[in-house]
Amino acid sequence: MNKKTVRDVGVKGKRVLVRVDFNVPLNNGAIEDDTRLTAVLPTIRYLQEEGAKVILLTHLGRPKGKVVPEMSVRPLIAYLDRLLGQKVLFAGDCGGEESLQAVAGMKAGQVLLLENSRFYPQEEKNEERFAKALAALADIYVNDAFAAAHRSHASTVGVAKLLPAVAGLLMEKELKALSFALHNPVEPFLAILGGAKVSDKIGVINNLLERADYLLLGGGMANTFLKAAGHNMGKSLVEEDKVEAAKELLAKAEKTGVRLLLPTDLVVAEEFKEGTKKRTVAVNEVPKDWTALDIGPDTVKTFEEAIGKAKTIVWNGPLGVYEIPDFAEGTRRIAVAVADSTAKAVVGGGDVVAAVRKTGLTERIFHVSTGGGASLEFLEGKELPGLAVLADK
Ligand code: ADP
Ligand code: MG
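Because the structure is a prediction, the values reported are computed rather than measured.

S.K.: Explain the site of ligand 1 to me, using residue names and the numbers behind them.
M.R.: Near ligand 1, the surroundings consist of 19 residues, among which Lys201, Ala292, Glu323, Asp351 and Val352 are the closest. A distance of 2.8 Å is found between an oxygen atom of ligand 1 and a side-chain nitrogen or oxygen belonging to Lys201. Contacts to ligand 1 include Gly317, whose backbone N or O atom sits 3.4 Å from an oxygen atom. Within the complex, 85% of the 590 Å² of free accessible area of ligand 1 lies under protein. When each cavity is represented as a set of grid points, ligand 1 is found to reside in the second largest pocket. Top contributing element to the shell around ligand 1 by residue count: helix α14 (residues 350-359), with three residues. Residues that form the shell around ligand 1 fall into these classes: eight nonpolar, eight polar and three charged.

Here's what the structure looks like:
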């Protein structure tokens, strides 16, 4: 990685503002998945050991510039206390009187959590005055919020322009894994793309068609490709206005020689719900009033064979409606194949990561990204503003 990290700056006795992504699922103050907290521990511990004063800043949910008490980050304090084995301090604002005072009283090795950055309308608008208030709290800025790196907000970009700004250890880990896969893969390089909509994924398909040896398509998105290939998709999710784009992508695959694999069979259902009538059909036999909600067993077998040959894998988007157990099997079996393969696999995307987590296989996968939108934009080849603004090595 060509960006400076926390290891490249002296932090002893310094006030270090660390942008983290603690946007965890909260249910009545209880954390349902603490992955995003534990993922940042290496950076926090490193800074503590080096004698820094650690000021944590995050967003949580979508309060849209207003104080929404249910989206306060205060419930995270008890978890952080436990994870770090010490009392974590809290300030009920971001760069206001309370946080200034709290920072002034900090000792080296202490950790302070600021209130939800998105309680301020200036955050998402990246207003300079707010960025300056944040910068006034610290000597050094660290971005360890990979999952927010695709956002141009005051806490990710504005403040980074006002202080010496470097990457945290999670940011570094994410970028190493993703750039290995995208820029330096051991071949054969295989990409699996699924999810709901083609419109979300055209950029990533385009980019991967120039890099991958295999491209496996599934999920709702594949329906539009199957339609482009001449199949009748019944009531399945198809983006009519993207059928032409899908045809072009199929033609591009021919040209670049990427082996693009579409589903050959599908699990179709009468309705979009658990326990409805379902059956497996070939892609040219989707009944008129039925909807395709998962890839079928023949497709799984073909995909498994391709995955078995790969040395590098990138996976974005589930291959079926994994939230409904009746249609989760295709995604589950592909997760098993990816975990079983000897390839280095990078899995990124909010939903696909949730699906893989359900299988309990994450430990056996090379890299499971904490960034949904950010990982997708990285795979599209886009520049991440929160990364671009950090100091170069
Ligand atoms: P990710 O977050 O991994 O990038 P997306 O957000 O693009 O993935 O897509 C996830 C959604 O796609 C899930 O809610 C899933 O139910 C849906 N999906 C997958 N397959 C289908 C399908 N055949 N029909 C409709 N929706 C689907
Ligand atoms: Mg998603």
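Picking up where we left off.
S.K.: I'd like a rundown of the pattern of salt bridges, residues and numbers included.
M.R.: By the definition in use, this model includes 21 salt bridges. Salt-bridge contacts for Asp340 lead to Arg364; the nearest nitrogen and oxygen are separated by 2.4 Å. You can see Asp340 sitting in helix α13 (residues 329-340) and its partner Arg364 sitting in the loop between α14 and β17 (367-368), a full 24 residues away along the chain. Accessibility expressed as a relative area gives 46% for Arg364, which makes it partly exposed. Several salt bridges converge on common partners, so that one network encompasses Arg7, Glu172 and Lys176.

S.K.: Outline unusual backbone geometry, listing residues and values.
M.R.: Across the junction of Glu187 and Pro188, the peptide omega takes the value 0°, indicating a cis bond. Along the polypeptide, Pro188 turns up in the loop between α8 (169-183) and β9 (189-193). With a phi angle near 55°, Lys64 is a residue other than glycine that sits in the positive phi range. Not every positive phi belongs to a glycine, and Asn126 is a case in point at roughly 55°. Tracing the sequence through the fold places Asn126 in the loop between α5 (121-124) and α6 (128-135). Here Asn126 falls in the partly exposed class, since its relative accessible area comes to 25%.

S.K.: Outline the layout of surface pockets, listing residues and values.
M.R.: By volume, the largest pocket is sized at about 700 Å³. Lining the largest pocket are 29 residues, with Asp21, Asn23, Arg36, Thr370 and Gly372 sitting closest to its centre. Counting only elements with at least two residues in the lining of the largest pocket, the list comes to α1 (35-38) and α14. Of all the elements, α14 adds the most residues to the lining of the largest pocket, at five residues. Tallied by class, the residues present in the lining of the largest pocket amount to six nonpolar, 13 polar and 10 charged. The residue makeup of the lining of the largest pocket includes at least three contributed by each of domain 1 (6-171) and domain 2 (185-380).

S.K.: Explain the nonpolar core to me, using residue names and the numbers behind them.
M.R.: Counting residues in each nonpolar core, the largest one holds 73 residues, and the members touching the most others are Leu17, Leu114, Ile205, Leu215, Leu217 and Phe225. A domain-level breakdown of this core finds at least three residues from each of domain 1 (6-171) and domain 2 (185-380). Core analysis: the next-biggest nonpolar cluster, separate from the first, contains 33 residues, Ile44, Val54, Leu60 and Leu80 among them.

S.K.: Outline the packing of aromatic side chains, supporting the account with residue identities and numerical values.
M.R.: A full pass over the atoms with the stated rule returns two aromatic pairs. Measuring from centroid to centroid gives 6.0 Å for Phe180 and Phe366, while their planes differ by 70°, and the two rings are edge-to-face. Of this pair, Phe180 sits in helix α8 while Phe366 sits in the loop between α14 and β17, and the two are 186 residues apart along the sequence. Judged by its relative accessible area of 41%, Phe366 falls in the partly exposed class. Lying over the aromatic face of Trp290, Arg279 brings its terminal NZ or CZ to 4.8 Å of the ring centre. When the ring centre of Phe180 is taken as reference, the NZ or CZ atom of Lys344 above it lies at 5.1 Å.

S.K.: Can you break down empty space enclosed by the protein residue by residue, with the values?
M.R.: Considering all chains together, one arrives at one cavity of 30 Å³ or more under this definition. What the largest cavity holds in volume is close to 50 Å³. Looking at the largest cavity, the residues that line it are Asp21, Arg36, Val40, Asp144, Ala145, Phe146, Ala147, Leu170 and Thr370. Tallied by class, the residues present in the lining of the largest cavity amount to five nonpolar, one polar and three charged.

S.K.: Can you lay out the domain arrangement of the chain for me, pointing to particular residues and giving the numbers?
M.R.: The figure often quoted for interface size is the accessible area lost as the parts come together. According to the domain assignment, the chain contains domain 1 (6-171) and domain 2 (185-380). Computed from C-alpha atoms alone, the centre-to-centre distance between domain 1 and domain 2 is 35 Å. Both faces considered, domain 1 and domain 2 share a buried interface measuring about 680 Å² in area, 64% of it formed by carbon and sulfur atoms. In terms of surface lost to domain 2, no three residues of domain 1 exceed Thr35, Phe146 and His150, which account for 63% of the buried area on that side. Where domain 1 packs against domain 2, one counts one salt bridge. Note that Asp33 is salt-bridged to Arg357, the shortest N-O span being 3.9 Å. For the pair domain 1 and domain 2, the number of links is one residue pair in polar contact (both at pLDDT 80 or more).

Criteria and thresholds
- Residues numbered from 1 in each chain as written.
- Chains lettered and ligands numbered in written order.
- Predicted model: local features only at pLDDT ≥ 70, side-chain atom pairs only at ≥ 80, totals over all residues.
- Heavy atoms only, no water.
- Near = heavy atom within 4 Å.
- Polar contact = N/O pair within 3.5 Å; in protein donor to acceptor, adjacent residues only side chain to side chain.
- Areas by Shrake-Rupley, 256 points an atom, 1.4 Å probe, with all protein chains shown as cover.
- 1 Å grid on protein atoms, 1.4 Å probe; cavity = no way out; pocket = protein on both sides within 12 Å on 5 of 7 lines; lining within 4 Å.
- Sits in = over half its atoms within 2 Å of the grid points.
- Helix = DSSP H or I, 4+ residues; strand = E, 2+ residues; numbered from the N terminus.
- Nonpolar A, V, L, I, M, F, W, Y, C, P; charged D, E, K, R; others polar.
- Salt bridge = Lys/Arg side-chain N within 4 Å of Asp/Glu carboxyl O.
- Buried < 20%, exposed > 50% of the residue type's maximum accessible area, 1.4 Å probe, protein only.
- Points joined across faces, edges and corners; volume = space filled by probe spheres on them.
- Domains from an automatic or database assignment.
- Core = buried A, V, L, I, M, F, W, Y, C linked by side-chain atoms within 4.5 Å.
- Phe/Tyr/Trp six-rings, centres within 6.5 Å; stacked < 30°, edge-to-face > 60°.
- Lys NZ or Arg CZ within 6 Å of the ring centre and 35° of its normal.
- Buried area = accessible area lost by both parts, 1.4 Å probe.

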